[in-house]
Amino acid sequence: MSHSHSAASAPSVLVTGGAGYIGTHTMVELLNAGHNVVCIDNFSNSSPEAVRRVEKITGRQVTLVEGDIRDTDTLQVLLSQRPIDRVIHFAALKAVGESVSRPLAYYDNNIGGTLALLAACQQAGVRRFVFSSSATVYGNPQALPLTEDAPLSAVNPYGATKLMVERILEDMCHADPQFAVVSLRYFNPVGAHDSGTIGEDPRDIPNNLFPFITQVAVGKRPHLNVFGNDWPTHDGTGVRDYIHVVDLALGHLAALDYSAQQSGYAAVNLGTGRGTSVLDMVHAFEHATGQRVPHVVAPRRAGDIAACWADPTRAERLLNWRAQRSLEQMCASGWTWQQGNPDGYRRS
Ligand code: NAD
Ligand code: UD1
């Protein structure tokens, strides 16, 4: 009784874009750790069903606000009505190809949305902030593994928004010494919660490798196109640092703790430090699930890089966090989610 009372009156974490793929997994870990959670989402790339599943997994409630972070009035009301002391900011558009064809939508949503959110936070005195950045800020890597001090560059409008928001947050920290920001540069999040009830739910044909593989395995697509086998990598296919989404979620809890102790700006890689090729991933998936993944070699995809993986030592040193889950666990959990939810959150 007294426990639930203190939980109810303790300050909340505001999670923007919490109904999305990474947001749902992070809300589960926040609720399990005893945090109160307020989620704002406009459901432009998600559904309220995802939040209901989070509540089911944890047996706790999320305060859900359907709204857009660019809507200053909604934000002001939200921040004035509830004791919120920190923010995890996921809300953004994230499709690289679409960002090239619709740059204004990306600059407006990702930069405009963040500016509106920061203005509301400043007015409400909320000074602890965790931001979803991306390994895309490293552009085409000159050396591997990537440390946070590697040169930064934007190679498409999506990447430009991540780079610009990092810069804005760093400037906020310079202007206000009490401001605390951790920009988490995610490598390639894959997999799903062990319950198999939340996971990645691409609206159209998936652009990314892992959801494409699971859709081939479940029979929704005939085969995987392997985008190039002539890259300078160990088997000629592209190499990335895939990280289990639950490990990634736990990285946000570690970053929140850090931002409570330490003001100023920090950019931190969240990756495993291991490089996995497209063919390595296909084989790991087949091994973990017993499913065949038919694949054919196709031309390279425009804008791709050969290889990218993290040096994760800063996360370990600053946040005391390290990825724990194996490639096999990523494949098995992603497959459980896909099998149980062939149409994602849409009821068939
Ligand atoms: P997602 O699309 O599943 O989640 C984003 C959520 O934000 C969605 O629920 C969407 O409806 C919501 N949203 C978007 N614009 C909004 C707005 N203006 N107001 C309110 N809600 C809004 O994406 P995700 O994979 O969970 O990614 C979360 C964050 O992590 C994004 O910022 C993304 O750029 C970043 N990121 C993702 C990856 C990845 O591979 N998934 C990699 C690096 C970085
Ligand atoms: C992509 C985005 C990047 C974003 C990241 C995580 C591009 C150019 N980059 O990166 O900005 O941060 O997703 O969301 O879109 N592959 C295939 N067949 C497929 C799909 C992918 O062979 O059907 C290969 C790719 O060529 C690459 C690897 O699989 O070598 C991983 O691709 P993907 O999952 O799209 O991630 P990234 O390329 O790292």
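Scope of this entry: the structure provided in the associated data block. (Residues numbered from 1 in each chain as written. Chains lettered and ligands numbered in written order. Predicted model: local features only at pLDDT ≥ 70, side-chain atom pairs only at ≥ 80, totals over all residues. Heavy atoms only, no water.)

## Topic: the site of ligand 2
And then number 1: Residues in contact with ligand 2 amount to 17 residues; listed here are only the nearest, Leu 209, Asn 225, Arg 240, Arg 301 and Asp 304.
And then number 2: Take Asn 225: an N or O atom from its main chain is 2.7 Å from a nitrogen atom of ligand 2.
And then number 3: Between Arg 240 and ligand 2, the recorded distance is 2.6 Å, taken from a side-chain N or O atom to an oxygen atom.
And then number 4: Protein chains shield 86% of the accessible area of ligand 2, which is 740 Å² for the free molecule.
And then number 5: In terms of residue count, strand S8 (residues 224–227) provides more of the shell around ligand 2 than any other element does, 4 residues in total.
And then number 6: Looking at the shell around ligand 2 residue by residue, the class counts come to 7 nonpolar, 7 polar and 3 charged. (Near = heavy atom within 4 Å. Polar contact = N/O pair within 3.5 Å; in protein donor to acceptor, adjacent residues only side chain to side chain. Areas by Shrake-Rupley, 256 points an atom, 1.4 Å probe, with all protein chains shown as cover. Helix = DSSP H or I, 4+ residues; strand = E, 2+ residues; numbered from the N terminus. Nonpolar A, V, L, I, M, F, W, Y, C, P; charged D, E, K, R; others polar.)

## Here we look at the site of ligand 1
And then number 1: For ligand 1, the set of nearby residues contains 27 residues, the closest of which are Asp 41, Asn 45, Ser 46, Phe 90 and Tyr 158.
And then number 2: One of the backbone N or O atoms of Ser 44 is found 3.1 Å from an oxygen atom in ligand 1.
And then number 3: In this structure, an oxygen atom belonging to ligand 1 sits 2.9 Å away from a side-chain N or O atom of Lys 162.
And then number 4: Protein contacts shield 95% of the accessible area of ligand 1, which totals 810 Å² for the unbound molecule.
And then number 5: Only helix H2 (21–32), strand S5 (128–134) and helix H7 (157–175) provide two or more residues apiece to the shell around ligand 1.
And then number 6: Sort the elements by how many residues they give to the shell around ligand 1 and S5 lands first, with 3 residues.
And then number 7: For the shell around ligand 1, the per-class residue count stands at 11 nonpolar, 11 polar and 5 charged.

## What about the nonpolar core?
And then number 1: Within the largest apolar cluster, 42 residues are counted, with the highest numbers of intra-cluster contacts made by Met 27, Leu 30, Val 62, Leu 184, Leu 270, Leu 319 and Trp 321.
And then number 2: Elements supplying a minimum of two residues to this core: strand S1 (12–16), H2, strand S2 (36–41), helix H3 (48–58), strand S6 (180–186), helix H9 (245–261), strand S11 (264–270) and helix H11 (313–319).
And then number 3: Per-element accounting of this core gives the leading share, 8 residues, to H9.
And then number 4: Among all residues touching Met 27, those that are not within four sequence positions of it are Val 15, Gly 18, Val 37, Cys 39, Val 51, Val 54 and Val 62.
And then number 5: Judged by nonpolar contacts, the second largest core, of 26 residues, contains Leu 14, Leu 117, Leu 118 and Cys 121. (Core = buried A, V, L, I, M, F, W, Y, C linked by side-chain atoms within 4.5 Å. Buried < 20%, exposed > 50% of the residue type's maximum accessible area, 1.4 Å probe, protein only. Contact = heavy atoms within 4.5 Å.)

## Describing the side chain of Glu 200
And then number 1: Position of Glu 200 relative to the elements: it lies in the loop between strand S7 (188–190) and helix H8 (209–217).
And then number 2: Ignoring sequence-local partners within four residues, the contact set of Glu 200 consists of Tyr 21, Lys 94, Asn 208, Pro 211 and Trp 337.

## Focus on the pairing of S6
And then number 1: S6 sits mainly inside the fold: 7 of its 7 residues count as buried.
And then number 2: Of the two faces of S6, the one lined by Ala 180, Val 182, Leu 184 and Tyr 186 and the one lined by Val 181, Ser 183 and Arg 185 are each fully buried.
And then number 3: Pairing of S5 with S6, which is carried by 7 bridges, proceeds in the parallel orientation. Looking at the pairing, Phe 131 lines up with Ser 183 of S6. (Pairing = 2+ DSSP bridges.)

## Here we look at the pattern of salt bridges
Two side chains bearing opposite charge may form a pair once their charged atoms approach each other closely.
And then number 1: Within this structure, the stated rule accounts for 18 salt bridges.
And then number 2: For the salt bridge of Glu 98 with Arg 102, the shortest nitrogen-to-oxygen distance reads 3.3 Å.
And then number 3: The closest approach of N and O atoms between Glu 166 and Arg 185, which form a salt bridge, is 2.7 Å. Of this pair, Glu 166 sits in helix H7 while Arg 185 sits in strand S6, and the two are 19 residues apart along the sequence. You'll find Glu 166 and Arg 185 in the same group, each marked buried. (Salt bridge = Lys/Arg side-chain N within 4 Å of Asp/Glu carboxyl O.)

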